[in-house]
Amino acid sequence: QVQLVESGGGLVQPGGSLRLSCAASGISFNPYTMGWYRQAPGKQRDLVATISSGGSTNYADSVKGRFTISRDNAKKTVYLQMNSLKPEDTAVYYCNGYRNNALNFWGQGTQVTVSS
């Protein structure tokens, strides 16, 4: 059974930092492109960042220079380091593992709230 389990969300003040983790099980982790997406209330789910099996990264313009995605293949875990957080970063953050259209998995999400 495939599971992607996110952790690390919470409440943080503007300008603060959080580190999200996503632990995968039930998949051969290395070939997957791993990603983080987010969904704010009343909005669509948007890409935040992805990291390929080879380590190439891609970021949404809104988070470039503030967020860093990384992966540890030995631990089957992907991370999202979020710095200089803004209120507009408030959303549910979802982990994604993609290999092809038939192998595309989502975590249950973790809430990030940026507020003073």
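I will try to describe carefully the structure that is included in this document. Each chain carries its own residue numbering, running from 1 in the direction its sequence is written. Totals for whole chains, interfaces and linings use all residues, but because this is a predicted model, local features are given only for residues with pLDDT of at least 70 and pairs of side-chain atoms are given and counted only at 80 or more. Neither water nor hydrogens contribute to the side-chain values; these are computed over all heavy atoms in the structure.

**Side note on the state of the cysteines**
- The rule for a disulfide is simple: a pair of cysteine sulfur atoms within 2.5 Å. All chains considered together, the criterion is met by 1 disulfide.
- Bridging Cys 22 to Cys 95, the disulfide has an S-S length of 2.1 Å. Between Cys 22 and Cys 95, the S-S torsion sits near -80 degrees, and that sign places the bridge as left-handed. Of the two residues, Cys 22 is situated in strand β3 (residues 18-25) and Cys 95 in strand β9 (residues 91-100); the sequence distance between them amounts to 73 residues. No difference in accessibility class separates Cys 22 from Cys 95, as the two residues are buried. Labels follow the DSSP assignment, with helices taken as runs of H or I lasting at least four residues and strands as runs of E lasting at least two, numbered in each case from the N terminus. Note on exposure labels: buried denotes an accessible area under 20% of the residue type's maximum, exposed denotes more than 50%, and partly exposed covers the range between, all computed with a 1.4 Å probe on protein chains only.

**As for the environment of Val 114**
- Position of Val 114 among the secondary structure elements: in strand β11 (residues 110-114).
- When the C-alpha atoms of Val 114 and Pro 14 are compared, they prove to be 5.8 Å apart, with 100 residues separating the residues in sequence.

**Considering the packing of aromatic side chains**
- Pairing of aromatic rings covers Phe, Tyr and Trp, the last through its six-membered ring, and needs centres within 6.5 Å; plane angles under 30 degrees mean stacked, over 60 mean edge-to-face, and all others mean tilted. Counted according to the given criterion, the structure contains 2 aromatic pairs.
- Considering the side-chain rings of Tyr 32 and Phe 105, the 6.3 Å spacing of their centres and the 35 degrees angle between planes classify their relative orientation as tilted. With a gap of 73 residues between them, Tyr 32 in the loop between β3 and β4 (33-39) and Phe 105 in strand β10 (residues 103-106) connect regions that are remote in the sequence.
- By relative accessible area, which is 3% here, Tyr 32 ends up buried.
- Ring plane angle 65 degrees and centroid distance 5.0 Å describe the contact between Tyr 37 and Trp 106, whose orientation is recorded as edge-to-face. With a gap of 69 residues between them, Tyr 37 in strand β4 and Trp 106 in strand β10 connect regions that are remote in the sequence.

**Side note on the sheet that holds β3**
- Between any two strands, at least two bridges found by DSSP are needed for them to pair. Read across the sheet, 4 strands follow the order β1-β3-β8-β7 without closing on themselves; strand pairing throughout is antiparallel. Each edge of the sheet is formed by a strand with only one pairing partner; in this case those strands are β1 (3-7) and β7 (67-72). Averaged over neighbouring strand pairs, the angle between their axes works out to 15 degrees when direction is ignored.
- Here 6 bridges tie β3 to strand β8 (residues 77-82), and the two strands are oriented antiparallel to one another. The residue of β8 that forms the bridge with Arg 19 is Gln 81. Axes, fitted as lines to C-alpha atoms, cover a helix only where it is in contact. Angles between the N-to-C directions of the axes lie from 0 to 180 degrees.

Read these as layout, nothing more, since geometry by itself doesn't imply function.
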